[in-house]
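This is what each chain is made of:
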Amino acid sequence: MADRPAEPILHVDLDAFYASVETHKDPSLQGKPVVVGGTGSRGVVMSASYEAREVGIRSAMPAVRARRLCPEAVFVPPDFESYRAYSNRFREILLSTTPLVEPIALDEAFLDVGGAVRLFGEPELIGERIRAQVHADLGITCSVGVAPSKFVAKLASTRAKPDGLLVVRTGEVHRFLDPLPVDALWGAGEKTTETMRRLGVRTVGELAGLPGSILSRVVGEAQARHLLELSRGEDDRPVVPYETPKSVSHEETFGHDLDDDVHILREVLGLARRVGARLRQDGYVARTVVLKVRLANFSTLTRSRTLAAPTDVAADLYEVAADLYRALPGARRRIRLLGVQATGLVPAGAEQMALLRGSRWGDVERVIDRIDRRFGKDSTMPAVLLPEDRPPP
């Protein structure tokens, strides 16, 4: 297309998303170090406001360490329903600009605006328009990278944070990439970065100058080709408007170790219900159930089983997850984290209906979904999931 801009790719990323949503919901938190997650003694940080980041708090950091770094930090529990609502509105804003939107997570997406310039102007103007609309409609900020490719646009948005926009012109890609550290490249983890350091390679520019034969000997041919292409700014992947999600999962870290099977299976049921509800909400059924168990010594066990027929029914998910738990080796395990994941997703209706028993449970669970939508989350639940300290009616 003759009038297609040279830098048609945008990467839009909401700034400190979870923490920003909490601050918008409660303006008294504005300007304070806000941490989402880590409300229990063993939790981890899920998101931190920029005020919290200034003192070194980062995502995935243990809550105990975060509290030591910043005793005055405000810790709030995650509110995933709010995050999904903000994310849906964010997606609507992006789709009002172009249908070529590739969601990466709740808070970020790639856009190809090559076909939108006649309506909205050059990509840089489109990026500014999106930033203004996100702030006006959601009350939070985002950062935008504009570039010839997805890889460079993603790096540009990172360097524009918070609340900024950075354009990397086609002729400026090497000047932008060369001084960056090697770990800025997708696929360059700690091990690869350490290998590069032993070769005397610390920047992307130094990596781009390495002969492919040398790099292949230390990281393998496929990885060498991938790293060299990225280091030279070569990334021709298109923006894919929609991809079926790979999985739906929920997990919970407990304030104290669980060692009672009845209590543990009760938690597994609760997780299975959340996964099932999310599958039905998003319109998918799952072929495989995965159980994740983290023990008190931090070792992690995962077990999976593929179903005879895909399902979105929590009763089916629980039955499999419970069987997987009972088959774990050892006895009297002390568990600090449990997770249930549904994978192998296909659109609901694309496969034959599950067994009649599952169908009946599915009818019950869809009624529960409607009750929860009308009266609030967990308005109806199995009696076994009622709080143990609930007073009698």
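Residues numbered from 1 in each chain as written. Predicted model: local features only at pLDDT ≥ 70, side-chain atom pairs only at ≥ 80, totals over all residues. Heavy atoms only, no water.

**Considerations on the packing of aromatic side chains**
Two aromatic rings, taken as a pair, are described by how far apart their centres are and by the angle between their planes.
Here is step 1: Enumeration over the complete set of coordinates arrives at 6 aromatic pairs.
Here is step 2: Geometrically, the ring pair formed by Phe17 and Tyr18 is tilted, given 5.7 Å between the ring centres and 50° between the ring planes.
Here is step 3: Phe17 gets classed as buried once you look at its relative accessible area, which sits at 3%.
Here is step 4: For Tyr18, a relative accessible area of 18% translates into the label buried.
Here is step 5: With a centroid separation of 6.0 Å and 85° between ring planes, the pair formed by Tyr18 and Phe80 is classed as edge-to-face. Of the two residues, Tyr18 sits in helix 1 (residues 17-25) while Phe80 sits in helix 4 (residues 80-95), which places them 62 residues apart along the sequence.
Here is step 6: One aromatic cluster is present, built from ring pairs that chain together Phe17, Tyr18, Phe80 and Tyr83.
Here is step 7: A cation over a ring is seen here: Arg53 above Tyr50, with NZ or CZ 4.6 Å from the ring centre.
Here is step 8: The ring of Phe120 has Arg129 lying over it, and the distance from NZ or CZ to the ring centre is 4.1 Å. (Phe/Tyr/Trp six-rings, centres within 6.5 Å; stacked < 30°, edge-to-face > 60°. Buried < 20%, exposed > 50% of the residue type's maximum accessible area, 1.4 Å probe, protein only. Helix = DSSP H or I, 4+ residues; strand = E, 2+ residues; numbered from the N terminus. Lys NZ or Arg CZ within 6 Å of the ring centre and 35° of its normal.)

**Points about the sheet that holds strand 10 (residues 284-295)**
Here is step 1: In spatial order, the strands read 9-12-10-11; together these 4 strands make up an open sheet with antiparallel pairing. Edge positions in the sheet fall to strand 9 (247-258) and strand 11 (300-311), since each has one partner strand and no second. In this sheet, adjacent strand axes meet at a mean angle of 15° when their direction is disregarded.
Here is step 2: Where strand 10 meets strand 12 (residues 335-347), 11 bridges bridge the pair, whose relative direction is antiparallel. Bridge pairing in strand 12 places Leu291 opposite Val340.
Here is step 3: Contacts between helix 13 (residues 261-282) and the sheet are confined to strand 9, strand 10, strand 11 and strand 12, with strand 9 contributing the most and set at about 155° to the helix. (Pairing = 2+ DSSP bridges. Axes fitted to C-alpha atoms, helices over the stretch in contact; angles between N-to-C directions. Contact = heavy atoms within 4.5 Å.)

**Comments concerning the nonpolar core**
Here is step 1: Leu10, Val12, Phe17, Leu94, Leu111, Ile130 and Val134 are the most contacted members of the largest nonpolar core, which totals 32 residues.
Here is step 2: Looking at this core, the elements with two or more residues in it are strand 1 (9-14), helix 1, strand 2 (34-37), helix 4, strand 6 (108-112), helix 6 (123-138) and strand 7 (142-147).
Here is step 3: Considering every element that reaches this core, the biggest residue donor is helix 4, with 5 residues.
Here is step 4: Each residue touching Leu111, except ones within four places of it in the same chain, is listed here: Pro8, Ile9, Leu10, Val12, Leu94, Thr98, Leu100, Val101, Ile130 and Val239. (Core = buried A, V, L, I, M, F, W, Y, C linked by side-chain atoms within 4.5 Å.)

**Re the side chain of Thr193**
Here is step 1: Note on placement: Thr193 falls in helix 9 (residues 190-198).
Here is step 2: For Thr193, a relative accessible area of 12% translates into the label buried.
Here is step 3: Look past the residues within four positions of Thr193 in its chain and what remains in contact with it is Asp183 and Ala188.

**Comments concerning a nonpolar patch on the surface**
Here is step 1: Judged by side-chain polarity, Leu199, Ile214 and Val218 come together as a nonpolar surface patch covering roughly 200 Å² of accessible area.
Here is step 2: By the secondary structure assignment, Val218 is in helix 11 (residues 212-219). (Patch = residues over 30% accessible without salt bridge, like charges linked within 9 Å, V, L, I, M, F, W, Y side chains within 5 Å. Areas by Shrake-Rupley, 256 points an atom, 1.4 Å probe, with all protein chains shown as cover. Salt bridge = Lys/Arg side-chain N within 4 Å of Asp/Glu carboxyl O.)

**Some words on helix 1**
Here is step 1: For helix 1, the tally of buried residues reaches 7 of 9 residues, placing the bulk of the element in the interior.
Here is step 2: Buried within helix 1 we find Phe17, Tyr18, Ala19, Ser20, Val21, Glu22 and Thr23.
Here is step 3: At its buried positions, helix 1 is contacted by strand 1, strand 2, strand 3 (45-48), strand 4 (74-76) and helix 4.

**Re the environment of Leu345**
Here is step 1: Tracing the chain through its elements places Leu345 in strand 12.
Here is step 2: Contact partners of Leu345, with chain neighbours within four places excluded, come to Thr244, Pro245, Lys246, Ser247, Val248, Leu279, Tyr284, Val285 and Ala286.

**Focus on the packing of helix 1 against helix 4**
Here is step 1: For the pair helix 1 and helix 4, the least separation of the axes is 10 Å and the interaxial angle reads 95°. It follows from the interaxial angle that helix 1 and helix 4 lie roughly perpendicular. Of the residues in helix 4, those in contact with Phe17, Tyr18, Val21, Glu22, His24 and Lys25 of helix 1 are Phe80, Ser82, Tyr83, Tyr86 and Ser87.
Here is step 2: Classifying every residue of the contact of helix 1 with helix 4 gives 6 nonpolar, 3 polar and 2 charged. (Parallel < 35°, antiparallel > 145°, perpendicular 65-115°, else oblique. Nonpolar A, V, L, I, M, F, W, Y, C, P; charged D, E, K, R; others polar.)

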